[in-house]
Each structure stands twice: as C-alpha cells, then as structure tokens.
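Topology and contacts: notes
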Amino acid sequence: MGLRRVLLLGEGNFSFAAALSGAAGTHVVATCYENEEDATRRGGAARSIRRLRECGAEVVFSVDCTKLKDYFLPEKREFDCIYFNFPHCGRKAGVVKNRELLAHFFHSCADVLAEEGEIHVALCNGQGGTPADQPRREWHNSWQIVAVAAGAGFILSNVHPFNAETIHGYKCTGYRSQDKSFCVEGALNHIFTRSTQPPCSKPRSCETQLGSQKVSFQVPQVLVDKINRGFLELNSNHPVWTVKEKLTAGLSQAFPFQNTDPCLSLLQQGHLDGACHSNVFWITLSPEETPSTQEMSQGLANTVLSSRVDFCQDTDKNVQGCHIPKKFYLRPSLLPHAQAIIQERAFSPGTLHVLSGPVFRKCRVAPLSMPVFHEMLIVFAVNRGTESSCIQMLVNNIKTTIHSLHQTASGTKPSLSLQEATSSETTELNDFAAFESQLSKIQCFICMETDPPGCTVGVIRTSQGLKSSELVVIFASLNLDLLAMLLCGISDWRMLWTTDTRFLQQFPRGELRLFKSFSLYPPSYVHDVSFWVPDGEQFDEVAFHTIARRVSGEMVVSIQLRDSFQQPGTGRRSLCYRLTFQSCDRALSCREAAEMQLHFREQIHQLLGVTLR
C-alpha cells in the first residue's frame, strides 16, 4: 500500500502542516499563496518550513488554490486528502467573494483529488451556513458551503469541531491578510467527498415472462434506474432482502410454510376502476409481441382476470371473437398473482405461501410515497370462522420479528398496532385497495408508531374466492422498503435505490444496522410554476407529479399547491405550485435544479396541455 498523499493549501505559518508531517505513511505537500520571501516573514513560518523539509515533506509557494492542476504533474495529482483551513479572499472581502473563492477551489480540487479522497475545509463559526453551526447564520449571509461544493460535484459527508488546541504547535494566523491570529472558537471542519454521477437516463427495455413466452417492453422513463435492481436476489446484502429473510424465517418457525417464487410477470392486464386508471404505468406491446389466446390462458389470463380485457380501447385483432389487448400495465400489486396460484392448486388450511417482488404505481410526491417498492405477500388459507384468530396469530408473529429486528438495529423496541379498516385515514398501502376491491376485503392495517407517527407498513385482507366454501384466504401485504427504512433509520426512501456503494457497505449480509448518511445537509432549491388549466378538463395531479419525478430524476421532494384562481367572467382556472428540489445521495447544484425546472415547464405544457404564465 502506497503513501497517503496529503495536500495543504493556504498555509499561513505552516504550523498545521508541520503538525501533520510526522504521521507514519503520509506524504505532505504544504503550500501557500504568498511567495517564499513573504511567507517566511510570518512568525514561526521559517521554523515550520525547516521541520517540514527535514521530515521529507514538499513545500511549494505561490500556489493558487483555484488552479491546482497547473502546479502538479498528472502522475502526482492523485491526493488522498486536501486541507484548506480558514480560506478567505483577504482583508474585508464579503460573503459573495468568499463563496466565489470556494466555488473555484472545489472545481480545482476535482482535477487533483483521488476518486475516494476527501476535502477538509475549516471555517469559523457560522460561516458554513449549515445546521451544524451554532448559532446558525441566515442562509443569504453565509458562505453556503454545501451548495457551493455541490456545483463541483462534492457532497458534505462529515462535519465536526475544529479543535485547534489538540493540534500540537498549531497557531492560526492571517487575520485580514496580516500576521495576526483570529478566533477559532466554535470553528467547524467540513469533510467533502465525491458525489456519484446521475443515474443513466437513457431509454431502456426490459424482458419479462408473459404467459408462456418472453416479451420485451419499453421501461417508463421514471423507472429506468429501478427495474431489475436485484434487491431480493439470493446474493443480495440489501436491507430490504434482510427484512424479507428475517420475516420469512419467523413465519416458517410458527406455521407450515411454502416459499412460492414462480417467475412472476412484471406485466398485468385486466379491469381497473376509473379512479385508479391514471395511477398505473401503462405498457404498450407491439402486435407481434402480444401473446396468443392460448398463451394467455396458460399463464397471464388466469393471473390477472382474463375475463376483463375490455379496459383498453387499443386492441389488436379478433381471435375467435375475443379482442386481444395491446396494452398492459406494470403490476401495482402481487395480489392477482396470488389469486392465480389459489385457483391452480389446492390450499391446505394453515399453510403459508409467500410471494415477493417489486410493484409499481404512479403517485404524488410525498416523503413516504414510492413509485416502486418491494411487496411481501403472505397467503394463508384457513377454515371459515377461524379467520379472526388466525389473523391475530399472523400479526403477532410479524410484530415479534419486527420487534427483534428493531432491537438489533437500534437497541429499542418499536410500537406496532392494528388499525381497523373502518378508519378513513389515508395510508401508503390503502392506495392499492381500489385495484383489488373486487378480489378481497381489507380487514386491518399494521401500523408502526414511529416518525412519522402511525406509519402503515402492512395491510390484511380476506377473500371468499375459493371453490371450497369452507375456506377463507387471508392476504397479508407488507411494504418491505418502508420496513427497512423504519428499522434502519433511513429518512428518505430514495436512499434505498442509490447507486453509491457507501450505502450497502453499511449493511453486512443478513444484518440490519442504523444507517449513517454520507450526504449531510443537502442544499434545496425552490421554484414556482403557474399555469392555466385547459378549459373543461379535470387537472390530472398524479400525472403532474409523475412528470416532475421523471424530469428531475426523483430530485423533487415536495410539490405544494400555493394558489388556485378562477378568472371572473371567463371561468378560466389558474394553478400555482411550488416545487422543492433536493437530492439525498448526490450533489445537486443550483444550476442543475434551474435546468430541471425549465424542462419541467416544457413537459407539462406539452403533455398536459397547460398554458404557462
């Protein structure tokens, strides 16, 4: 393993560099902005420079921190750590000038920092503008260091006090470009790392089983980075997989158990209530890809209510009097698959069958509103009259496993409760009730008392849809993604889908731990959009939110209706929405957010027919 290369910028009297120079396995390159003659005039500088050279460190003068690649040969640009303590433009430069200095500095660092290197920037109390500053300055009066760094592709991964007294021989200097010290009480060291690149946004196709044949379809743009991610594959160490495996192990110890993992199609077809029509991702297959009537009867038709193929006006041709639909939709639930399995085999009372996989839906932008998540569906056939006690047994087993997982991850026990289905409260899983309204009846919800309070992680349904009138089927649907978030302290669902390797590195295979974010205090950007709604048309807010998700690559974290106005006389209706852009795992600059907003305006005009104001 080679030497750790450390670059220090803007050194005053070189006392900080001298303190680091003795570290084993470290090669120090200490620089300052002044020439050698001016630098050595500072008190103690000559002594520190002499010590540095004796330790084998390099000392370089007249280095401009905004043009770093000009001072180092290509083979010597890979620094593992760059330090810039208390940067300042000099004299009475204001916050704007110092922001500009930091912006150029971060862009310059991108040329000389190793791929997994760190940038350490120490600032006086309040200058950074993050919640770590106490007291915290108003945003406009700070150096806005996290937003400035994001413009160069860096994220704040750690921040801690700058304890000058623990650095042997260190003496701060340079107050207003003079050989004078300044107050560093409450100063903070900000540690930045490289951000991952945005996920690929190129159109892609996906292959899935449809009846007895495989078909390829175009993936909706908003889902291109979420299809076939393999969270539930056997070699996975994703927390979603761990939650599923622990729940499965708990159930298999208490009930006769069968893990049902057939090749479940990502595509479904069938009747949808009008209210839900806009909440699914529609997929159009070309005529040559559409399965024949015989192929449909072998698989997909039974799986998703083949008797109802009249939901779509676009049909291929009449085969023996039956219209073959060209349109399908990405499955919003695993329940239809479970219904098909029930019809195909005899269910012995008391045996649990478990299905799991990703499900998809269009939904509004909200903290726990996910366009895709992994559903675990437990299917349980019981004798009529025993369903209430069996539901209680099943829920108790699930609660015991969740308690154990939460205790392991955080050292505390969560509060779980059953909520009767008569409640009118909207929950994340309630949205799926409309899809299965004619298949099953919702009995209760499983709620986890945490932040946010009363978060629904599961729903229990019953169905009378068996040939035997003596049996009732219980369906327990669990949102594995939401459970993983709550158990591991992950506040943003998007983090589950990050491509940054620092996420999975925190979760050894089969273990749940509290997640520690590697992107602290990400900057947010607010943009408003106002428009006239087309006359006589109902505004599709779900489509509006879905366009925002797609255009921003899931960078929109909030959409709020700010104003609704109806013009007197004409009756025209105007809406004003406020969008907040923020990333949870990568750098998002002010410029990128502004470009997303412009693209969003173009798309809603083109796709929704609104007239921008």
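Look a little higher up for the structure.
Let us look at the structure shown here.

Criteria and cut-off values
Numbers given to residues run from 1 along each chain, matching the order in which its sequence is written. At least 70 in pLDDT is required for a residue's local features to be given in this predicted model, at least 80 for side-chain atom pairs to be given and counted, and no such filter applies to totals for whole chains, interfaces and linings, which use all residues. In computing side-chain properties, one takes all heavy atoms of the structure into account and sets aside hydrogens as well as water. Strand pairing requires that DSSP identify at least two bridges connecting the strands. Each helix is a run of H or I in the DSSP string that is no shorter than four residues. Each strand is a run of E no shorter than two, and both are numbered from the N terminus. Interaxial angles span 0 to 180 degrees and are taken between N-to-C directions of axes, which are lines fitted to C-alpha atoms, for helices over the stretch in contact. Angles are sorted into four bins: roughly parallel if under 35 degrees, roughly antiparallel if over 145, roughly perpendicular if 65 to 115, and oblique for all others. Throughout, a contact is declared for two residues whenever any of their heavy atoms are within 4.5 Å. Three categories are distinguished: nonpolar for Ala, Val, Leu, Ile, Met, Phe, Trp, Tyr, Cys and Pro, charged for Asp, Glu, Lys and Arg, and polar for the others, with Gly belonging to the last. Nitrogen and oxygen atoms within 3.5 Å of one another constitute a polar contact, given that in protein one can donate a hydrogen and the other can accept it, and given that sequence-neighbouring residues count only through two side-chain atoms. Any carboxyl oxygen of Asp or Glu that lies within 4 Å of a side-chain nitrogen of Lys or Arg is treated as forming a salt bridge with it. The way it works is a 1 Å grid over only the protein atoms, where trapped points that fit a 1.4 Å probe form a cavity and open points with protein on both sides within 12 Å along at least five of seven lines form a pocket, and then any residue with an atom within 4 Å of a point lines it. Grid points are joined across faces, edges and corners, and a volume is the space filled by probe spheres set on the points. Domain borders in the structure are assigned automatically or taken from a domain database. Throughout, exposure labels follow a simple rule: accessible area from a 1.4 Å probe, protein chains only, divided by the maximum for the residue type, with under 20% read as buried, over 50% as exposed, and the rest as partly exposed. This arc describes the spread of directions from the helix axis toward the C-beta atoms. Centre distance within 6.5 Å is the pairing criterion for rings of Phe, Tyr and Trp, where only the six-membered ring of Trp is used; planes under 30 degrees apart are then read as stacked, over 60 as edge-to-face, and the remainder as tilted.

**What about the sheet that holds strand E15 (residues 327-330)?**
- Judged by pairing direction, the sheet is antiparallel, and its 3 strands sit side by side in the order E11-E15-E12 without closing on themselves. Unpaired on one side and paired on the other, strand E11 (267-268) and strand E12 (282-284) mark the two borders of the sheet.
- Two strands pair when backbone bridges link them, and E11 and E15 are joined in this way by 2 bridges, in the antiparallel orientation. Its bridge partner being in E15, Gln-268 is matched across the sheet by Tyr-329.

**Topic: the packing of helix H6 (residues 239-254) against helix H11 (residues 480-488)**
- Close contact between H6 and H11 brings their axes to 9 Å; oriented N to C, the two are set at 100 degrees. Of the possible angle classes, the one that applies to H6 and H11 is roughly perpendicular. Facing Pro-239, Val-240, Val-243, Lys-244 and Leu-247 of H6, the residues of H11 in contact are Leu-480, Asp-481, Leu-483, Ala-484, Leu-487 and Cys-488.
- When its residues are assigned to classes, the contact of H6 with H11 shows 9 nonpolar, no polar and 2 charged.

**Observations regarding the side chain of Arg-194**
- Summarising the element assignment, Arg-194 is placed in strand E7 (residues 188-194).
- From its side chain, Arg-194 meets the backbone oxygen of Ala-114 in a polar contact 3.5 Å long.
- Setting aside its immediate chain neighbours within four residues, Arg-194 contacts Cys-109, Ala-110, Leu-113, Ala-114, Glu-115, Gly-153, Phe-154, Ile-155 and Arg-502.

**A short note on the pattern of salt bridges**
- Following the criterion strictly, the structure yields 14 salt bridges and no others.
- Between Arg-53 and Glu-36 there is a salt bridge, and its shortest N-O distance comes to 4.0 Å. In this pair, Arg-53 sits in helix H3 (residues 45-54) while Glu-36 sits in helix H2 (residues 36-39), placing the two residues 17 residues apart along the sequence.
- Salt bridges linked by common partners bring Glu-37, Asp-38 and Arg-41 together as one network.

**Points about empty space enclosed by the protein**
- Within this structure, the stated rule accounts for 4 cavities of 30 Å³ or more.
- Computed from the structure, the second largest cavity encloses a volume of approximately 60 Å³.
- Lining the second largest cavity are 13 residues, and of these Ile-155, Pro-522, Pro-523, Arg-586 and Ala-587 lie nearest its centre.
- Going through the elements one at a time, helix H5 (145-150) and strand E6 (154-161) are the ones with two or more residues in the lining of the second largest cavity.
- Looking at which element gives the most residues to the lining of the second largest cavity, the answer is E6, with 3 residues.
- Domain assignment of the residues forming the lining of the second largest cavity places at least three in each of domain 1 (4-194) and domain 3 (524-612).

**What to know about the side chain of Asn-397**
- Positionally, Asn-397 belongs in helix H10 (residues 387-410).
- According to the relative accessible area criterion, Asn-397 is buried, its value standing at 13%.
- Reaching out from Asn-397, the side chain makes a polar contact with the backbone oxygen of Gly-250 at a distance of 3.1 Å.
- Excluding residues that lie within four positions of it along the chain, Asn-397 makes contacts with Gly-250, Leu-251, Ala-254 and Phe-255.

**Observations regarding H3**
- Of all the residues in H3, the buried ones are Ala-45, Ser-48, Ile-49 and Leu-52. All buried residues of H3 fall inside an arc of 100 degrees around its axis, so they share one side. H3 presents Arg-47 and Glu-54 as exposed residues on the side facing more than 90 degrees away from its buried surface.
- The inward-facing, buried residues of H3 abut helix H1 (15-20), strand E2 (26-31), H2 and strand E3 (58-60).
- Positive phi appears at Gly-56, one or two residues downstream of H3, with a value of about 90 degrees.

**Points about the environment of Leu-68**
- Of note, Leu-68 is situated in the loop between E3 and strand E4 (79-85).
- Spatially, the C-alpha atoms of Leu-68 and Ser-108 are 5.7 Å apart, while their sequence positions differ by 40 residues.
- Setting aside residues up to four positions removed in sequence, Leu-68 forms contacts with Leu-7, Leu-9, Val-63, Ser-108, Cys-109 and Val-112.

**Digging into the packing of aromatic side chains**
- Taken as a whole and judged by the stated rule, the model has 25 aromatic pairs.
- Consider the rings of Phe-14 and Phe-61, whose centres lie 6.1 Å apart with planes at 70 degrees: the pair is edge-to-face. Of this pair, Phe-14 sits in the loop between strand E1 (4-9) and H1 while Phe-61 sits in the loop between E3 and E4, and the two are 47 residues apart along the sequence.
- Using a relative accessible area of 14% as the deciding quantity, one classes Phe-61 as buried.
- Plain terms: the ring middles of Trp-282 and Tyr-329 are 5.5 Å apart, the flat faces sit at 80 degrees to each other, and that makes the pair edge-to-face. With Trp-282 in strand E12 and Tyr-329 in strand E15, the pair connects residues that are 47 residues apart, well separated along the chain.
- Overall, Trp-282 belongs to the partly exposed group, its relative accessible area being 23%.
- Through successive ring pairs, a cluster of aromatic residues spans Phe-16, Tyr-83, Phe-86, Phe-162 and Tyr-170.

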